[in-house]
Amino acid sequence: MADNHKIKKSPHVLLIPYPSQGHINPIIQFGKRLISKGVKTTLITTIYTLNSTPSHNTTTTSIEIKAISDGFDKGGYTSADSAESYLKSFKETGSKSLGDLIKTLQSEGNIINAIVYDSLLIWALDVAKEFGIDCGSFFTQSCAVNTIYYHVHKGLISLPPGSTVSVPGLPQFECWETPSFLHNYEPNGAWSKTVFGQFENIDQARWVFTNSFYKLEEQVITWMRKMWNLKVIGPTLPSMHLDKRLKDDKYYGFNLFKANHNECMAWLSDKPKGSVVYVSFGSMIKLGPEQMEELAWGLSDCGVNFLWVVRGKEGKLAKDFLDMKRIPEKGLVVAWCRQLDVLAHESVGCFVTHCGFSSTLEAVSLGVPVVGMPRVSDQSTNAKYLDEIWGVGVRVKADENGIVRRETLTSCIKKIMEEERGVVARKNASQWKELAKLAVGEGGSSDRDIDEFVYELRHNC
Ligand code: UDP
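Bear in mind that the values here come from a model prediction, so they are computed numbers and not experimental data. (Residues numbered from 1 in each chain as written. Predicted model: local features only at pLDDT ≥ 70, side-chain atom pairs only at ≥ 80, totals over all residues. Heavy atoms only, no water.)

Undergrad: If you had to explain the overall build of the protein chain to someone new, which residues and values would you point to?
TA: Along the protein chain, the regular secondary structure elements total 18 helices and 15 strands. Taking 461 residues into account, the globule formula puts the C-alpha radius of gyration at 23 Å, and the protein chain, at 22 Å, falls close to it. Each principal axis of the C-alpha atoms in the protein chain carries an extent, and together these give about 65 × 50 × 45 Å. Buried positions account for 59% of the 461 residues belonging to the protein chain. For the protein chain, long-range pairs separated by at least 24 residues make up 70% of all intrachain contacts whose partners lie at least 6 apart in sequence. A gap of 4 Å separates the mean positions of the 52 positive and 52 negative side-chain charges of the protein chain. (Helix = DSSP H or I, 4+ residues; strand = E, 2+ residues; numbered from the N terminus. Rg over C-alpha atoms; globule rule 2.2 N^0.38 Å. Buried < 20%, exposed > 50% of the residue type's maximum accessible area, 1.4 Å probe, protein only. Contact = heavy atoms within 4.5 Å. Lys, Arg positive; Asp, Glu negative; His and termini not counted. Charge placed at Lys NZ, Arg CZ, Asp CG, Glu CD.)

Following this line, the structure appears as structure tokens:
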């Protein structure tokens, strides 16, 4: 165990995110908060992620960055044959590489007081234990989703589930509202094993972190606190979007993709207040051609202005559609944007989102009403919360082939942009925005949990 005197001076924490945008952002922001409280932090990403991220996209200057190997240094996740082979390689190669890095850091005189790893990377705990270093598991999903996965892990929810699912501290779910790893259960799926397996060694973790905030998930957080030394530290948006205490913290600062920022801002600034529908499906989802077409028609049939993020070659399809419909001035299609700046822009009136948890929290924290269009993973559960529990939007329903039809989308967008439902959603969203600010502000629930973690680090208690 590390020397107490040194810990009191400036503890040092290693942060290890899973290398995707929705997982890197929350952990980096946690790191910035730790730095502001006198904790040294080092972010550990993969060699591929570091090498393939343009240096001008990494502006998190306050955090030192180091890299380990996931076994795919040249091509990352997409170059692996399957999710299974990637996750296996990350565990095997990553464990060795992390061990080597810790030895190097220690040989340079660093005392490492804690390792906080993404909850998907449970092997990091075993490495930390070999070195006698305390560790914390960092969950980037909602507490509701974590709790559902925990109940599956414990065998308390059968798979596939019945028509409804009940879990303490949570509302009742229709089967289709549970994460897709339950309702589309694949017994040998690499990702389902990984998400249910997040709890395998959790009782050895000294801390459990979640990117949520107390008021948002009060009941389930109370339940989780009975199980673990839980630190609820979100929402992890840059401080200048919330409490404004960290003046340099305006952006996430580690962007895997280059944003068309100036183009987006110039286009938005030209549009009336609340008139734009912002559409994004995050960093991983690819919609097939049929869904792309329905979405394009749905947006154009609404007659609204829209800013649409389309990654990869589908971007050309979307642009061609605007030309074909002769409505280029109504829509802007970009490959990537700075989502927070877009959501915070006064021209944006609605967010059509896949309901990834980072996007979900960003919408709630910036007071933007949503149309939830979940695809996979935890998104259907987040969409239920956005709609029924937090009251900040509506959900579209896909047809029996899993396609959201243009009429369904149009009617949901109109509900938010033109009808009473939208007025109520906007009012609720702005209330959540205030609660989010309070949570991360000085003395707020998340701020206190971070302080407690720092105290425990310094006093090694
Ligand atoms: N994001 C962004 N620009 C975009 C689209 C997404 O900066 O054009 C960010 C967004 O702010 C969020 C992350 O990428 O922090 C996506 O995470 P989320 O959990 O919503 O979805 P995932 O990509 O994991 O499916």
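Moving on from the coordinates now.
Undergrad: Run through the sheet that holds strand β14 (residues 370-372), naming residues and quoting values.
TA: Taken in spatial order, the six strands of this open sheet run β12-β11-β10-β13-β14-β15, and their pairing is parallel. At either margin of the open sheet sits one strand with a lone partner, and together these are β12 (331-334) and β15 (393-395). On average, adjacent strands in this sheet sit at an angle of 15° to one another, irrespective of strand direction. (Pairing = 2+ DSSP bridges. Axes fitted to C-alpha atoms, helices over the stretch in contact; angles between N-to-C directions.)

Undergrad: Can you tell me about the sheet that holds strand β2 (residues 40-46), naming the residues and giving the values?
TA: Taken together, the seven strands give an open sheet; going across it, the order is β3-β2-β1-β4-β5-β8-β9, and neighbouring strands pair in parallel fashion. Only two strands of the sheet have a single partner each, and these edge strands are β3 (64-68) and β9 (230-232). Here the strands of the sheet are splayed against their neighbours by 25° on average, with no regard to which way each runs. As defined by bridge partners, strand β4 (residues 114-118) adjoins strand β5 (residues 134-139) across five bridges and the pair is classed as parallel. In the sheet register, Ile115 faces β5, and the bridge partner there is Cys135. Strand contacts of helix α18 (residues 445-459): β1 (12-16), β4, β8 (207-210) and β9, with the helix running at about 135° to β9, the strand carrying the most contacts.

Undergrad: Lay out the confidence of the model for the protein chain with the relevant residues and their values.
TA: A residue-level look at the protein chain finds 96% of positions with pLDDT of 70 or above and a mean pLDDT of 94. Across residues 1-6, confidence stays below pLDDT 50; counting only partners more than four residues off in sequence or on other chains, it has 11 contacts. (pLDDT = per-residue confidence, 0-100.)

Undergrad: Any details on the environment of Gly76? Residues and values, ideally.
TA: Assignment of secondary structure puts Gly76 in the loop between β3 and α4 (83-107). Taking the C-alpha atoms as reference points, Gly76 and Ser365, separated by 289 residues in sequence, lie 31 Å from one another. Sequence-distant contacts of Gly76, defined by excluding residues within four places in its chain, comprise Tyr48, Asp70 and Tyr86.

Undergrad: Report on the site of the ligand, specifying residues and quantitative values.
TA: Around the ligand sit 19 residues, and of these Asn25, Ser283, Cys337, Ser359 and Glu362 come closest. Contact between the ligand and Ser358: an oxygen atom at 3.1 Å from a main-chain N or O atom of the residue. One of the side-chain N or O atoms of Glu362 is found 2.6 Å from an oxygen atom in the ligand. Here the ligand, which alone exposes 540 Å², has 95% of that area covered by the protein. (Near = heavy atom within 4 Å. Polar contact = N/O pair within 3.5 Å; in protein donor to acceptor, adjacent residues only side chain to side chain. Areas by Shrake-Rupley, 256 points an atom, 1.4 Å probe, with all protein chains shown as cover.)

Undergrad: Outline empty space enclosed by the protein, supporting the account with residue identities and numerical values.
TA: Going through the model one piece at a time under the given rule, you end up with three cavities of 30 Å³ or more. Size it by volume and the largest cavity reaches roughly 140 Å³. Every residue along the wall of the largest cavity is listed here: Ser280, Phe281, Gly282, Ile285, Lys286, Leu287, Met292, Trp308, Val309, Val310, Arg311 and Glu314. Partitioned by chemical class, the residues of the lining of the largest cavity number seven nonpolar, two polar and three charged. Within this model, the second largest cavity holds a volume of roughly 50 Å³. As for the second largest cavity, its lining consists of Gln29, Phe30, Arg33, Ile233, Pro235, Thr236, Leu237, Val440 and Ile450. In terms of residue count, the dominant contributor to the lining of the second largest cavity is helix α2 (residues 21-36) (three residues). When the residues that make up the lining of the second largest cavity are grouped by side-chain class, the tally is six nonpolar, two polar and one charged. (1 Å grid on protein atoms, 1.4 Å probe; cavity = no way out; pocket = protein on both sides within 12 Å on 5 of 7 lines; lining within 4 Å. Points joined across faces, edges and corners; volume = space filled by probe spheres on them. Nonpolar A, V, L, I, M, F, W, Y, C, P; charged D, E, K, R; others polar.)

Undergrad: Tell me about the packing of aromatic side chains, residues and numbers included.
TA: Aromatic ring pairs are defined here through the distance separating the ring centres and the angle between the ring planes. The full count for this structure, using the stated rule, is 27 aromatic pairs. Where Tyr150 meets Trp228, the ring centres are 5.3 Å apart and the plane angle is 90°; that geometry is what we call edge-to-face. Pair noted here: Tyr150 is in helix α6 (residues 143-153) and Trp228 is in the loop between α9 (218-227) and β9, with a separation of 78 residues, a long-range link. Summarising the burial analysis for this pair, Tyr150 and Trp228 share the class buried. Judged by centre distance (4.9 Å) and plane angle (85°), the ring pair of Phe209 and Phe453 falls under edge-to-face. Here Phe209 is found in strand β8, whereas its partner Phe453 is found in helix α18, with 244 residues between them in sequence. Three or more aromatic residues joined by ring pairs make a cluster, and in this case those are Tyr18, Phe72, Tyr77, Tyr86, Phe90, Trp123 and Trp191. The ring of Trp267 carries the charged tip of Lys271 above its face, separated from the ring centre by 4.3 Å. (Phe/Tyr/Trp six-rings, centres within 6.5 Å; stacked < 30°, edge-to-face > 60°. Lys NZ or Arg CZ within 6 Å of the ring centre and 35° of its normal.)

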